[in-house]
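An overview of the molecular structure
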Amino acid sequence: MVFHLIRKELLEQMLSFRFIVLSAMGALAIWISLYSGYNHYRERVDDYRMAQAATRDRIEEIDDAENWSEFVYVGHLEHKPPVPTSIFVRGLEPFLGRSITNATTIRRLNRSPAEITPLFGVFSPLDLGLIVQIILSLFALLFTYDAVCGEKEAGSLRLVASFPISRHHLFLSKFLGALLPLLIAFGMPLLLGVAVLLLIPDVRFTDLELSRIGLIFIACGIYVSVFTCVGLLSSCLTQKASTSFVLLLGFWVTTVVVMPRISLIIADSFRTAPSVYELEAEKEAVSKSNGERWREVRARWIKEHPQWSKTPEGREAQRLFWRKTRQEVWWEPNLSQHARLDESFRNRYDARLNLAVIIARLSLPFAFNNATVRLAGTGLNRQRQFLTTFHRYYRQWYQWFIDSVDDAQLRRINSVKYGEYKWDISDIPRLVYKETWPQEDVHTALIDIGVMIFWGLIFFLGAYVALLHYDFR
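Right, let's walk through the structure included here. These numbers come from a predicted model, not from an experiment.

Attention now goes to the environment of Lys283. In this fold, Lys283 is placed in helix α12 (residues 276-304). Note: C-alpha distance between Lys283 and Phe401 (118 residues apart in sequence) is 22 Å. Excluding residues within four positions of it along the chain, Lys283 makes contact with His338, Leu341 and Asp342.

So this is what it looks like as structure tokens:
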């Protein structure tokens, strides 16, 4: 009997006009999101290749010994490569910087798509994450808001109850009859779109990326299932379909729109956001203090060696002394003190962010969005990984620059001892960024998926209990 009930529910759903319309709209939205994601990724790949070529040309242009200062005050750009998983979940990629200069003036990631094209900040990117988070969740509620109360209004529920059917089987048929058509209607277009993407030569996924994409799809299925349970619960708690629809609409607006924003407001109230301007001022003060110390050391040495500029040996000694003291008095202290300031700033920022995340996880859409962005690698973590790689590279690059300038000066001072000076930057360090997929992101995503499963069980049990006590008359 239970199989007949499930078959009846499936046929009623899949043969209804509502199912046909919503399925067509959902399939169209999924295909548009995948097409948009592919176009975005292809543009990012083209931009990255052109930017890399521009950087190579820029380095080759500096072919004169008099242009050493350009390395410090102008420098050249290094670029963050695109990630193919952004086809599915764009995350923060459109708003995070993708180029950074190694000049000693301002080193921050800039030139994000939203910075170049401000319209990105006006229109949210249409990706699979947004489609599932907003559109499919609403569709799940539209599929289930009248699953029980609608039948009661039509009078068919009393007829079904007159047969020797247990309420357990009835609930199971209602749940599967609503969930399976949803998963089929939106899963088939998604799998078809992914199959097309895999055939495109420009898109190459590693095995690890494919496994993460699989987890994203699982998160999508769980998310839709939870909203299916919410719709059933509302339908089992009300006597009229209109009342159920209003309750679900209020629930959807609260969870999707209101709760994630409230979490940030609450976090700001308990843990104030650190100021990046305060951080930059502290760094500037540290650099200024260390610079003054280095100038004092140099002035003391010049006072002790007043004839240093009269002989090649004296100029050589001066250059070697400056190299040694610059490293000990200015460069190394700057690096260590700046690192401590950055760590303190990051700890304060992360404390505020973690509090906001904990509160926002009460919202199903936030838990889903956080899980998918983590799995796709399109959030702040990948930005931090790139910056960490850049900072390690910058230390090597700046050391190369200092050594090259010192070597040039020593060769000019004493060419007999050090050899003739020749302009050569063939050994200039370049940034090599290797994509990493930290397990921390997977662990965090699994926590968010666990939160969704927890809420799904709560709503599932709530709907089950409500149906057991529902008045079929």
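A side chain of one charge can pair with a side chain of the opposite charge if their charged atoms are brought near each other. Within this structure, the stated rule accounts for 12 salt bridges. Across the pair Glu93 and Lys80 runs a salt bridge whose closest N-O atoms are separated by 3.7 Å. A residue pair is termed long-range when its members are at least 10 positions apart, and Glu93 in the loop between β1 (77-79) and β2 (99-101) and Lys80 in the loop between β1 and β2 qualify at 13 residues. Exposure remark for Lys80: the relative accessible area of 1% places this residue in the buried category. Salt-bridge contacts for Arg382 lead to Glu435; the nearest nitrogen and oxygen are separated by 2.8 Å. Of this pair, Arg382 sits in helix α15 (residues 380-413) while Glu435 sits in the loop between α16 (415-418) and α17 (439-468); the two residues are 53 residues apart in sequence, bridging distant segments of the chain. Among the charged side chains, a network of salt bridges with common partners joins Lys80, Glu93, Arg382 and Glu435.

Scanning the model with the defined rule gives 28 aromatic pairs in all. Geometrically, the ring pair formed by Phe19 and Phe143 is edge-to-face, given 5.7 Å between the ring centres and 65° between the ring planes. Residue Phe19 is found in helix α2 (residues 17-61), and its partner Phe143 is found in helix α6 (residues 128-144); the two are separated by 124 residues along the sequence. The burial state of Phe19 is the same as that of Phe143; both residues are buried. Look at Phe175 and Phe460: their rings are 5.2 Å apart centre to centre, the planes differ by 80°, and that puts the pair in the edge-to-face class. Taken as a pair, Phe175 in helix α9 (residues 167-199) and Phe460 in helix α17 lie far apart in primary sequence, 285 residues in all. A relative accessible area of 27% means that Phe460 is categorised as partly exposed. Taken together, Trp294, Trp322, Trp330, Phe390, Tyr393, Tyr394, Trp397, Tyr398 and Phe401 form an aromatic cluster joined through their ring pairs. One cation-aromatic arrangement involves Arg298 over Trp294; the distance from NZ or CZ to the ring centre is 4.1 Å. When the ring centre of Trp322 is taken as origin, the NZ or CZ atom of Arg298, which lies over that ring, is 4.7 Å away.

Cut-offs used in this document
- Residues numbered from 1 in each chain as written.
- Predicted model: local features only at pLDDT ≥ 70, side-chain atom pairs only at ≥ 80, totals over all residues.
- Heavy atoms only, no water.
- Helix = DSSP H or I, 4+ residues; strand = E, 2+ residues; numbered from the N terminus.
- Contact = heavy atoms within 4.5 Å.
- Salt bridge = Lys/Arg side-chain N within 4 Å of Asp/Glu carboxyl O.
- Buried < 20%, exposed > 50% of the residue type's maximum accessible area, 1.4 Å probe, protein only.
- Phe/Tyr/Trp six-rings, centres within 6.5 Å; stacked < 30°, edge-to-face > 60°.
- Lys NZ or Arg CZ within 6 Å of the ring centre and 35° of its normal.

That's the geometry; what it means functionally is another story.
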